[in-house]
Amino acid sequence: MKSIFRFLITTCCLAHNKIGKFYVKKVYAHYILRRKYRTTLNDDVSLPMVRSVRVAVIGAGVAGLNAARELHREGHTVVVFEKRHDLGGTWLYESRVESDPLSLDPARAVVETSLYHSLRTNIPRQIMGFLDYPFAKRRHGDQRTFPGHEEVLRFLNEFADEFRLRELIRFSTEVVRVERPEGWKRNEEWVVESRRRSGGWSESESESESEWGVVVREVYDAVVVCNGHFTEPQLADVPGIEKWRGYQIHSHNYRVPEPFTGQIVVLIGLGPSAFDISKEVATVAKEVHIAARAPEITVGKWGHHDNIWLHKMGKLAKVFQVIEFVDEDGKIVFQDGSWAHADTVLYCTGYKYHFPFIELDGIVTIDDNRVGPLYKHVFPPCLAPSLSFIGMPKQDTPFLTTQLQSKWLANVLSGKVFLPTEGDMMSDIKNYYHHMEETGLPKRFTHYLPPNEMEYRNWLLAQVGMPPLKEWRGKMFRECLKSAMTKLDGYRDQWDDDYWDAIIASQEGNLLVNGQEVGVAEDVS
C-alpha cells in the first residue's frame, strides 16, 4: 500500500500538480491514522478514503447556514429543510404572534421567532461574524457597533448569497419526523419525513389555515439538527397564578410596548431580553416591577428610572419562584415582602430545547434543559456521527461557535477527523456532569459556555488543525458580558470603538477593526 501512495505522490510531483500531491498525502496520512487507531474507531477501518455522505440539515438559521456551508465545502450532499419562507431563523422578524400568549396550547400555530421590533444585538458586530466572513459595516446600512436585527438579517442573506447556500435550501418545508428504520443498526441511515406548504406563505396566515402537501419520506446518511432554541417558552412557578384574572404573556410573543400603555406590569426575569423590554415597556406603562433571582439586585427603584422597581427572591426560594403568591384580586406579593396590584405578568424566563420531530426512544433526552448525552454539545455518543446538534450552547457568540462546530462535524463525517470511542465520549460527558455537580451548577446550565467559551472554541479549532483564536475575542466577549450582567444602561452606545479597534489591530495586523475595511481573515480553509 505504501508503494502505491508513493507512486501517486511522485506522479503528482512530476506533473507539477501541487493540489494532487497535497490530496494524496492527506489520503495516505488518513490511511496511516486509520491503521494506527483501528481498535478505537467507530467506522470501518478498511476504507482509506474520504467519505461523501448525504446530509439533512434541519433549519436555515445561523446554525443551519453554517452547517450547510461547511458540509458542502467538504463535498457532502446537503439538503436544508426550512419551515419558513426565507432564511435567518430567529433573525427573520415577524410582527405576528401566537394565539396563546403563553405558548402553552399544543394546537397553537407556532411562530418561529422571538424578536421584538426594537431589538439590537447585545454583543458587538466584531464578534458576531465568521472567521472568514466578518460582520462588516455597510455604507448604507446600520452603522452602529450593536446594530438592529434588520442589519443582522441582511448580513446573513449576503453570507448565504456569497456561498450560494440558497440552492441547498428547501423553503416552506417542515420536517415532521426523523427516525431510524425499523430494526436499525449502528451504521444505517435515517428516514426524514417532510411536507411542503403548498398554498404559499403569508405572515398573517396561521399554521392551521395553511395547505400542506403530502408527507415525503427520504433516506439520509446523517441528520444535523439546527432548529434553534428560542421558540418553546419556559415559564416561572408563580403560586396562585391559576386563579389570577389578569393578563399573562411570555416575551416570545412580545413585539412592541403600546399594548401595555397605562398598565402596572410585573416582569419576571432579568436576562438580556428582560433588560431591554422592561425599559421599553416603562416608556408607556404606569409602573414596571421586575422580579428576578439575580443576587446582585438591590430592592427598590432601578437607577434613574422613575417607574421601574426591582424585587428579588428570598434565600430559600424555589427555582424560578420569585413571587411569593398572587391574589385573585390582582395583588402580587414578592418574596422580598413588597407587593403590587398588576394588570399584566410578562415572563422573560427563557426557553426550552425542543425537538418534537425526532424519535429516539430515550437515547437523547431533555431533563431540566439538559439535552443529553451530547459529546461536546454536538454528538450523542451511541448515534455519532450520523446524528448531531449544532448551536446548543448558550451565553455565547453563536455565529462563530456554530461555524467551528460545523467545521468539526463536516470533517468527522468525511473521515478526516475521528471521534473517540463511544465509551470514551460517555466518560467525557459523565466527567463534565460530575464537575457541574461538584461546583453546584444545576442541570439547566449544562449548555452555558462561560467562563470556558474560549477554551471550547479553541478545542474545536484544534480538532480541525487550526490555530487558536486571538485573545481579543475572548476579552471583548467577557467585557460585553460584564456590561450586560451589571445592567449598565446604554452600554451599547457607550462602547469605546477606538479602544477596541486598537486592540484588534495590534493582534490582527491587517484585519480590521470595526468593520470599515476587512483584510485577510483567519484561515479556515
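If you're wondering where the values come from, they're calculated on a predicted model, not measured in any experiment.

## Comments concerning the overall build of the protein chain
And step 1. Broken down by element type, the protein chain carries ten helices and 19 strands.
And step 2. A total of 525 residues make up the protein chain; the buried ones form 53% of that total.
And step 3. Residue pairs at least 24 apart in sequence account for 65% of intrachain contacts in the protein chain once pairs closer than 6 positions are excluded.
And step 4. Element-wise, carbon and sulfur atoms account for 53% of the exposed surface of the protein chain, whose accessible area totals about 24300 Å².

## Section: the sheet that holds strand β15 (residues 339–341)
And step 1. Here we have three strands laid out as an open sheet, ordered β13-β14-β15, and antiparallel in their pairing. The open sheet has two edge strands, β13 (323–326) and β15, and neither has a second partner. Ignoring which end each strand starts from, the neighbouring axes of this sheet average 20° apart.
And step 2. Direction of pairing for strand β14 (residues 331–334) relative to β15: antiparallel, over a ladder of three bridges.

## Side note on the nonpolar core
And step 1. Formed by 92 residues in total, the largest nonpolar core has its most connected members in L71 and L156.
And step 2. Residues within four places of L156 in sequence aside, it is in contact with V62, L65, L87, G88, W91, F130 and F399.
And step 3. Counting 23 residues, the second-largest nonpolar core is a separate cluster that includes V225, F355, V364 and V371.

## Re the pattern of salt bridges
And step 1. Tallied over the full model, the rule gives 33 salt bridges.
And step 2. Taking the shortest distance from any N to any O, the salt bridge between E218 and R54 comes out at 3.7 Å. Residue E218 is located in strand β6 (residues 216–220), and its partner R54 is located in strand β1 (residues 54–58); the two are separated by 164 residues in the primary sequence.
And step 3. Note that K416 and E74 form a salt bridge whose closest N and O atoms lie 3.1 Å from each other. With K416 in the loop between α6 (398–414) and α7 (422–438) and E74 in the loop between α3 (62–73) and β2 (77–81), the pair connects residues that are 342 residues apart, well separated along the chain.
And step 4. A relative accessible area of 18% means that E74 is categorised as buried.
And step 5. Several salt bridges converge on common partners, so that one network encompasses R69, E70, R73, D132 and K407.

## Brief notes about the environment of H76
And step 1. Mapped onto the secondary structure, H76 falls in the loop between α3 and β2.
And step 2. What makes H76 buried here is its relative accessible area of 3%.
And step 3. Reaching out from H76, the side chain makes a polar contact with the backbone nitrogen of V53 at a distance of 3.1 Å.
And step 4. Among the polar contacts made by the side chain of H76, one reaches the main-chain carbonyl oxygen of A410 at a distance of 3.1 Å.

## Some points on unusual backbone geometry
And step 1. Residues G372 and P373 are joined by a peptide bond in cis, for which omega reads 0°.
And step 2. You will see that N369, though not glycine, has its phi angle at about 65°, which is positive.
And step 3. Structurally, the position occupied by N369 is in the loop between β17 (365–367) and β18 (370–372).
And step 4. Although it is not a glycine, Q395 sits at a positive phi angle of roughly 50°.

## A closer look at the confidence of the model for the protein chain
And step 1. Per-chain confidence: the protein chain averages 85 in pLDDT, with 82% of residues scoring 70 or above.
And step 2. Between residues 1–49, whose pLDDT stays under 50, and residues either more than four places distant or in other chains, the model counts 45 contacts.
And step 3. In this model, residues 512–523 is a region of pLDDT below 50 whose contacts with residues beyond four sequence positions or in other chains number 34 contacts.

## Regarding the pairing of strand β9 (residues 264–268)
And step 1. The element β9 is extensively covered by neighbouring structure, given that five of its five residues are classed as buried.
And step 2. Tracing the backbone out of β9, into helix α5 (residues 272–282) and back to the parallel element strand β10 (residues 287–292) gives a crossover that is right-handed.
And step 3. As defined by bridge partners, β9 adjoins strand β16 (residues 344–347) across four bridges and the pair is classed as parallel. Within the sheet, the bridge partner assigned to V266 lies in β16 and is V345.

## A short note on the sheet that holds β6
And step 1. Taken in spatial order, the three strands of this open sheet run β4-β5-β6, and their pairing is antiparallel. If you trace the sheet from one side to the other, it starts and ends with β4 (173–179) and β6, each paired once. Averaged over all pairs of adjacent strands, the angle between their axes in this sheet comes to 30°, without regard to strand direction.
And step 2. In this sheet, strand β5 (residues 190–196) lies alongside β4 in antiparallel orientation, the contact comprising six bridges.

## Quick word on the packing of α3 against α6
And step 1. At a closest axis distance of 8 Å, the pairing of α3 and α6 adopts a crossing angle of 35°. Classified by chirality, the crossing of α6 by α3 is right-handed. In contact with V62, A63, N66, A67, R69, E70, L71 and R73 of α3, α6 contributes P398, F399, T402, Q403, S406, K407, L409, A410 and L413.
And step 2. Its residues assigned to classes, the contact of α3 with α6 comprises nine nonpolar, four polar and four charged.

## As for the side chain of R457
And step 1. Along the polypeptide, R457 turns up in helix α8 (residues 453–463).
And step 2. A polar side-chain atom of R457 sits 2.7 Å from a polar atom in the side chain of D396.
And step 3. Among the polar contacts made by the side chain of R457, one reaches the side chain of T397 at a distance of 3.1 Å.
And step 4. Those residues in contact with R457 that sit more than four places away from it in its chain are D396, T397, L400, T401, L404 and L469.

## Observations regarding the side chain of D142
And step 1. You can see D142 is positioned in the loop between β2 and α4 (149–162).
And step 2. Setting aside chain neighbours within four positions, we find D142 in contact with R125, P147, G148, E151 and R154.

## Brief notes about the packing of aromatic side chains
And step 1. One pass over the full model with this rule turns up 25 aromatic pairs.
And step 2. Taken together, a centroid distance of 5.6 Å and an interplanar angle of 75° make the contact between F230 and Y351 edge-to-face. With F230 in the loop between β7 (222–225) and β8 (247–250) and Y351 in the loop between β16 and β17, this pair connects stretches of sequence that are 121 residues apart.
And step 3. Overall, the relative accessible area of 39% leaves F230 in the partly exposed class.

Thresholds applied
- Residues numbered from 1 in each chain as written.
- Predicted model: local features only at pLDDT ≥ 70, side-chain atom pairs only at ≥ 80, totals over all residues.
- Heavy atoms only, no water.
- Helix = DSSP H or I, 4+ residues; strand = E, 2+ residues; numbered from the N terminus.
- Buried < 20%, exposed > 50% of the residue type's maximum accessible area, 1.4 Å probe, protein only.
- Contact = heavy atoms within 4.5 Å.
- Areas by Shrake-Rupley, 256 points an atom, 1.4 Å probe, with all protein chains shown as cover.
- Pairing = 2+ DSSP bridges.
- Axes fitted to C-alpha atoms, helices over the stretch in contact; angles between N-to-C directions.
- Core = buried A, V, L, I, M, F, W, Y, C linked by side-chain atoms within 4.5 Å.
- Salt bridge = Lys/Arg side-chain N within 4 Å of Asp/Glu carboxyl O.
- Polar contact = N/O pair within 3.5 Å; in protein donor to acceptor, adjacent residues only side chain to side chain.
- pLDDT = per-residue confidence, 0-100.
- Right-handed = clockwise from strand over helix to strand, strands pointing away.
- Left-handed = near helix turned anticlockwise from the far one by under 90°.
- Nonpolar A, V, L, I, M, F, W, Y, C, P; charged D, E, K, R; others polar.
- Phe/Tyr/Trp six-rings, centres within 6.5 Å; stacked < 30°, edge-to-face > 60°.

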